[in-house]
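Architecture at a glance
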Amino acid sequence: QVQLVESGGGLVHAGGSLRLSCAASGRTFSSYGMGWFRQAPGKEREFVATLTWAVGYTYYADSVKGRFTISRDKAKNMVYLQMNSLKPEDTAVYYCAAAPRGITTGWSTRSNYDYWGQGTQVTVSS
């Protein structure tokens, strides 16, 4: 069973930075896509960023492109989300997610992601 554990959330002022981490265990992830989603109060969970574990191709939501960077450490089975130039509208619970069938059919499609972490809160004050 795949387990995903996020860490690194917190409170930051607008313009600041945070790095989220996701520790993945339970499988060999070579064929997986690994991504980040977020959910703000009263809103649906939305795609943020994802990558292909094997090669490291990355994809981003337009709202975070140029500010956020997703990466992975294959040796440690870790996925990271570096968030710079944070805005109050980035405030949300951030979830790590794993797509065991890969992401070729839609990197932002929630149904491709079978496994989810418990989430970590990110709050950006203005």
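Since we're looking at a predicted model, the values are computed, not measured.

**Structural notes on the overall build of the chain**
Within the chain, the secondary structure is distributed over zero helices and eleven strands. Starting at the N terminus, the α and β elements of the chain follow one another as β-β-β-β-β-β-β-β-β-β-β. Over its C-alpha atoms the chain spans a radius of gyration of 13 Å, differing by no more than 12% from the 14 Å that the globule rule assigns to 126 residues. Seen through its C-alpha atoms, the chain measures out along the principal axes to roughly 40 × 25 × 25 Å. A separation threshold of at least 6 residues defines the contact pool for the chain, and within that pool the share at least 24 residues apart is 57%. About 6,200 Å² of surface is accessible on the chain, with carbon and sulfur atoms providing 48% of the total.

**Quick notes on the pattern of salt bridges**
Per the stated rule, a full pass over the model turns up five salt bridges. Linking Asp62 and Lys65 is a salt bridge whose minimum nitrogen-to-oxygen distance equals 3.2 Å. Residues Asp90 and Arg67 are paired through a salt bridge, measuring 2.8 Å at the closest nitrogen-oxygen approach. One end of the pair, Asp90, is in the loop between β8 (78-83) and β9 (92-99); the other, Arg67, is in the loop between β6 (58-60) and β7 (68-73), and 23 residues separate them in sequence. For Asp90, a relative accessible area of 0% translates into the label buried. Exposure remark for Arg67: the relative accessible area of 11% places this residue in the buried category.

Conventions and cut-offs
- Residues numbered from 1 in each chain as written.
- Predicted model: local features only at pLDDT ≥ 70, side-chain atom pairs only at ≥ 80, totals over all residues.
- Heavy atoms only, no water.
- Helix = DSSP H or I, 4+ residues; strand = E, 2+ residues; numbered from the N terminus.
- Rg over C-alpha atoms; globule rule 2.2 N^0.38 Å.
- Contact = heavy atoms within 4.5 Å.
- Areas by Shrake-Rupley, 256 points an atom, 1.4 Å probe, with all protein chains shown as cover.
- Salt bridge = Lys/Arg side-chain N within 4 Å of Asp/Glu carboxyl O.
- Buried < 20%, exposed > 50% of the residue type's maximum accessible area, 1.4 Å probe, protein only.

Any link to function would need more than the numbers given here.
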